Amino acid sequence: MIRSKSRWAHSSWAWTHDTRSPLHEYRASVTCGFILSWGRKQKLREKKVLVVDNFTYRREMRKAVVVAAVTTAAMAAAVAVLWSRWKQESERQWRKTRRILRKFARDCATPVSKLWLVADALVSDMNEALTSQETTTLNMPISYVASLPSGDEEGLYYGLNLRGSNFLILRARLRGKNESISELHREEVSIPSNVMGGTSQELFDYIALELAKFISEHEVTTDDTPDRQKALGFIVSYPVDQAAASSGAAIKWRSFSVTDTAGKALASNFNRALEKHGVNLRVLQLVEDAIGHLAGGRYYNRDTVAAITLGMATTAAYVEPTQAVPEYQSSSNKSSEMVISMDWGNFNSCHLPITEFDTFLDAESSNPGSRIFEKLTSGMYLGEIVRRVLLKMAQETALFGEDVPPKLRTPYLLRSPDMAAMHQDTSEDHEVVHEKLMEIFRITNSTPLAREVVAEVCDIVAERGARLAGAGIVGITKKLGRIENKRSAITVEGGLYEHYRVFRNYMHSSVWEMLGNELSDNVVIEHSHGGSGAGAIFLAASQTAEPNS
């Protein structure tokens, strides 16, 4: 029985655990259903959570996008506002730059009508200076040069050109007016500061010593020049106060502290220095360089009536009929003409186109109120006027950026050769102007428009100066009464005229505009012969015409 029960129990257990039994299948299905139901609920929960998370994420993203869009829009709006303000400010500054430029151009304008007013004022001052017994602003001392060369002089001649802190020694051969100057030797010698600060005799001794060295180094084996022709031409390139060095009046160099130089003693002292150092040459007159250039012009062209120097300074000289100068008519010299040294750099007139920049330049100069014409036309001042205009534009219109370039405040830093280079720049975007601005003023951020303005300022200043010089030439010719029926040649010398092409062209065109087609051929402007200092050679030739001169 027990065995059977045990078998039964085993059988019952086995039946209940039989996976194939209905009970097990029922239990299993119930269990699986529960699990599946729970799983589905879990998935639903997860899905709901995921949906909620996705919704939250999208909502947050939308918020972020909106915030970003709003921020971006605000930044864009701010940038747009800043850009608009910057553009408006830039346009305002540019308009102001153009206004300054236009006003400067108007103030510098030299229409033909104004040029004639200037020329007529010059003629009036010339007549007053020649006839008045009192000193006038237009100093016109008579240069007692015995004669000008005829063009027939031949031989080997020496010359000296005293030029501030240095001097030129020259030697050249003349073969007549139909031949060019030849065998030209030119040497520049600096003057030591102790000599410049000494007496005239110390200066002359130094020059004579250097001249002796020059002659020995350039010794000529055959010199067919007679002893009586051993003249030495001596010209001074800085304006002087003279009434003829060999006639006893005082002569002073602006750039020298040598003050004990007077009249005949000047030439006499220099001749003693020459003799002391064994130099077989003799000085007859010391005159300014324009007279030397006049002698050179007359050597090659009998129609030459005037000479102009246009360099760092400016002077003029011309030939005046004797009867036009009352004080000279009583002289024992019966020559029909005389040479007038004309210090036209000191000419002034209410008709000159003066700007605010010229007024300040003059007031801050070492000689306020004087040499106004020179301050408008010479190489010493043209670049300075340009610098002052550019400085105002930099200060008031930020032409070169928000900060004013420090070097732009330095007076006389811009020289006329650099101004000419910028003015005559034909490269794309004015590259030469860019280079010069960097080199001179350390301006590295100039724009093409700013460079164009710089070139325009240079053009305005150069045109005014050149046209005023042209008016001066016409004035001299009118004073001589040679415009309508006589041909006149004007010799011009100086770096401003020789190397500044646009300046030279403006000067020529002003003379043509003033005289018109019918009369412009009566005034011929020529470049001087032989270059710098060569006037001393022609002056030496002129002094040999009469042995007793």
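Here, residues in each chain are numbered from 1, in the same order as that chain's written sequence. Predicted model: local features are reported for residues with pLDDT of at least 70 only, side-chain atom pairs are reported and counted for 80 or more only, and whole-chain, interface and lining totals are derived from all residues. Calculation of side-chain values draws on the structure's entire complement of heavy atoms; hydrogens and water are dropped beforehand.

- In the nomenclature of an unreviewed UniProt entry, the protein chain is known as Phosphotransferase of Vitis vinifera.
- Under the UniProt heading Sequence similarities (unreviewed entry), the entry covering the protein chain gives this text: "Belongs to the hexokinase family." UniProt positions are given in the numbering used here, feature names are shortened, and annotations may be inferred rather than shown by experiment.

### Section: the packing of helix H11 (residues 416-423) against helix H12 (residues 431-441)
Part 1 of the argument: Each axis is a line fitted through C-alpha atoms, and for a helix only the stretch in contact is used; angles between axes span 0 to 180 degrees, taken between their N-to-C directions. What counts as a helix is a DSSP run of H or I of at least four residues, what counts as a strand is a run of E of at least two, and both are numbered from the N terminus. Where H11 contacts H12, the axes come no closer than 8 Å and their chain directions differ by 150°. Judged by the angle between their axes, H11 and H12 are roughly antiparallel. Crossing of H11 against H12: the hand is left-handed. The segment H11 lies against H12, with Asp418, Ala421 and Met422 engaging Val432, Val433, Lys436, Leu437 and Ile440.
Part 2 of the argument: For the contact of H11 with H12, the residue count by class is six nonpolar, no polar and two charged. By definition in this entry, angles of less than 35 degrees are roughly parallel, angles greater than 145 are roughly antiparallel, angles of 65 to 115 are roughly perpendicular, and the rest are oblique. If you view the pair so one helix is near and one far, a crossing is left-handed when the near helix is turned anticlockwise from the far one by less than a right angle, and right-handed when it is turned clockwise. Only heavy atoms matter for contacts: two residues are in contact if any of them lie within 4.5 Å across the pair. By the convention adopted, Pro, Cys, Tyr, Trp, Phe, Met, Ile, Leu, Val and Ala count as nonpolar, Lys, Arg, Asp and Glu as charged, and the other residues, Gly among them, as polar.

### A closer look at the packing of aromatic side chains
Part 1 of the argument: When the centres of two rings from Phe, Tyr and Trp lie within 6.5 Å, Trp using its six-membered ring, the rings pair. Their planes under 30 degrees apart give stacked, over 60 give edge-to-face, and anything left gives tilted. Considering all chains together, one arrives at eleven aromatic pairs under this definition.
Part 2 of the argument: On the basis of an interplanar angle of 45° and a centroid distance of 5.4 Å, the ring pair of tyrosine 299 and phenylalanine 538 is categorised as tilted. Here the residue tyrosine 299 occupies a position in helix H7 (residues 289-300), and phenylalanine 538 occupies one in helix H16 (residues 535-542), the gap between them amounting to 239 residues.
Part 3 of the argument: A simple rule labels every residue: compare its accessible area, found with a 1.4 Å probe on the protein chains alone, to the largest value its type can have, and call it buried under 20%, exposed over 50%, or partly exposed in between. Look at tyrosine 299 and you get buried, because its relative accessible area is 1%.
Part 4 of the argument: You can call phenylalanine 538 buried: its relative accessible area is 1%.
Part 5 of the argument: Grouped by ring-pair contacts, the aromatic residues Phe204, Phe234 and Phe270 constitute a single cluster.
Part 6 of the argument: Geometrically, a lysine NZ or arginine CZ counts as sitting over a ring once it is within 6 Å of the ring centre and also within 35 degrees of the ring normal. Sitting over the face of the ring of tyrosine 497, arginine 504 holds its NZ or CZ atom 5.9 Å from the ring centroid.

### Some thoughts on the pairing of strand S5 (residues 231-236)
Part 1 of the argument: The buried count for S5 comes to six of six residues, which makes it a mostly enclosed element.
Part 2 of the argument: Strands pair, by our definition, only if DSSP identifies at least two bridges between them. Note: strand S2 (residues 154-163) against S5, five bridges, orientation parallel. Pairing of asparagine 161 across the sheet is with isoleucine 235, part of S5.
Part 3 of the argument: As defined by bridge partners, S5 adjoins strand S6 (residues 282-288) across five bridges and the pair is classed as parallel. Across the sheet, alanine 231 pairs through a bridge with arginine 282, a residue of S6.

### Section: the environment of leucine 310
Part 1 of the argument: Relative to the assigned elements, leucine 310 resides in strand S7 (residues 304-310).
Part 2 of the argument: Expressed as a C-alpha distance, the spacing of leucine 310 and glycine 495, which sit 185 residues apart in the sequence, is 6.8 Å.
Part 3 of the argument: Residues in contact with leucine 310, not counting those within four places in the same chain, are Thr377, Ala469, Val492, Glu493, Gly494, Gly495, Leu496, Tyr497, Phe503 and Met507.

### Describing the sheet that holds strand S8 (residues 314-321)
Part 1 of the argument: Read from one edge to the other, the open sheet built from six strands follows the order S1-S9-S8-S7-S10-S11, with strand pairing classed as mixed. The open sheet has two edge strands with one neighbour each: strand S1 (142-143) and strand S11 (523-527).
Part 2 of the argument: The sheet contact formed by S7 and strand S10 (residues 488-493) spans five bridges and is parallel. Following the sheet pairing, alanine 306 is matched in S10 by isoleucine 490.
Part 3 of the argument: Sheet contacts for H7: S1, S7, S8, strand S9 (337-342) and S10; angle to S7, the most-contacted strand, approximately 135°.
Part 4 of the argument: Contacts from helix H13 (residues 448-479) reach S7, S8, S9, S10 and S11 within the one sheet, and its direction differs from that of S7 by about 155°.

### Observations concerning the sheet that holds S5
Part 1 of the argument: Spatial strand order, S4-S3-S2-S5-S6: five strands in an open sheet with mixed pairing. Each having just a single partner strand, strand S4 (182-190) and S6 make up the two edges of the open sheet. Ignoring strand direction, the axes of neighbouring strands in this sheet form an average angle of 20°.
Part 2 of the argument: Strand contacts of H7: strand S3 (166-175), S5 and S6, with the helix running at about 105° to S6, the strand carrying the most contacts.

### Quick word on the packing of helix H3 (residues 112-131) against H13
Part 1 of the argument: Contact pair H3 / H13: the axes reach a minimum separation of 8 Å and the direction vectors enclose 50°. The orientation of H3 relative to H13 falls into the category oblique. Note on packing geometry: the crossing formed by H3 with H13 is right-handed. Facing Val112, Leu115, Trp116, Val118, Ala119, Asp120, Leu122, Val123, Met126, Asn127 and Leu130 of H3, the residues of H13 in contact are Arg467, Leu468, Ala471, Gly472, Val474, Gly475, Ile476, Lys478 and Lys479.
Part 2 of the argument: Here the contact of H3 with H13 is composed, by residue class, of 13 nonpolar, three polar and four charged.

### With respect to a positive patch on the surface
Part 1 of the argument: Only residues whose relative accessible area exceeds 30% and that form no salt bridge are eligible for patches; like-charged ones are grouped when within 9 Å, while nonpolar side chains (Val, Leu, Ile, Met, Phe, Trp, Tyr) are grouped when within 5 Å. Residue burial considers only the protein chains on display, and all accessible areas are found by Shrake-Rupley using a 1.4 Å probe. Salt bridges are defined as contacts in which a side-chain nitrogen from Lys or Arg sits within 4 Å of a carboxyl oxygen from Asp or Glu. Asp and Glu count as negative and Lys and Arg as positive, but His and the ends of the chain are not part of the count. Where a charge lies is defined by one atom per residue type: Lys uses NZ, Arg uses CZ, Asp uses CG and Glu uses CD. On the surface, Arg95, Arg99, Arg102 and Arg106 cluster together into a positively charged patch.
Part 2 of the argument: Positionally, arginine 95 belongs in helix H2 (residues 22-108).
Part 3 of the argument: For arginine 95, a relative accessible area of 45% translates into the label partly exposed.

### A short note on the nonpolar core
Most often, soluble globular proteins keep nonpolar side chains buried together rather than apart.
Part 1 of the argument: The set of buried Ala, Val, Leu, Ile, Met, Phe, Trp, Tyr and Cys residues whose side-chain atoms join them within 4.5 Å is what this entry labels a nonpolar core. In terms of nonpolar packing, the biggest core is built from 86 residues, with Tyr318, Met342, Trp344, Phe400, Val457 and Ile476 touching the most fellow members.
Part 2 of the argument: By residue number, the principal contributor to this core is H13, which donates 15 residues.
Part 3 of the argument: Grouped together as the second largest cluster of nonpolar side chains are 29 residues, Val189, Val195, Val236 and Leu274 included.

### A few points about unusual backbone geometry
Part 1 of the argument: The backbone phi angle of tyrosine 412 is positive, close to 60°, even though this residue is not glycine.
Part 2 of the argument: Inspection of the secondary structure assignment puts tyrosine 412 in the loop between helix H10 (379-397) and H11.

### A short note on the environment of histidine 218
Part 1 of the argument: With respect to the secondary-structure elements, histidine 218 resides in the loop between helix H5 (200-217) and S5.
Part 2 of the argument: Non-local contacts of histidine 218, meaning those with residues more than four positions away in its chain, are made with Arg171, His185 and Glu187.

### Describing the environment of asparagine 161
Part 1 of the argument: Positionally, asparagine 161 belongs in strand S2.
Part 2 of the argument: Considered as a pair, asparagine 161 and valine 236 are 75 residues apart in the sequence and their alpha carbons are 5.7 Å apart.
Part 3 of the argument: Apart from residues no more than four positions distant in its own chain, asparagine 161 is found in contact with Asn166, Phe167, Leu168, Ile235, Val236, Ser237, Ser532 and Gly533.
Part 4 of the argument: Between N or O atoms, a polar contact is any pair within 3.5 Å; within protein, one atom must be a potential hydrogen donor and the other a potential acceptor, and residues adjacent in sequence are included only when both atoms are from side chains. Within the structure, asparagine 161 has its side chain in polar contact with the backbone oxygen of isoleucine 235 (distance 3.4 Å).

### Here's the deal with the pairing of S10
Part 1 of the argument: Summarising burial for S10: six of the six residues are buried, a large majority.
Part 2 of the argument: Neither face of S10 is exposed, since Ser488, Ile490 and Val492 on one face and Ala489, Thr491 and Glu493 on the opposite face are all buried.
Part 3 of the argument: As defined by bridge partners, S10 adjoins S11 across five bridges and the pair is classed as parallel. Residue pairing across strands places alanine 489 opposite valine 524, the latter belonging to S11.

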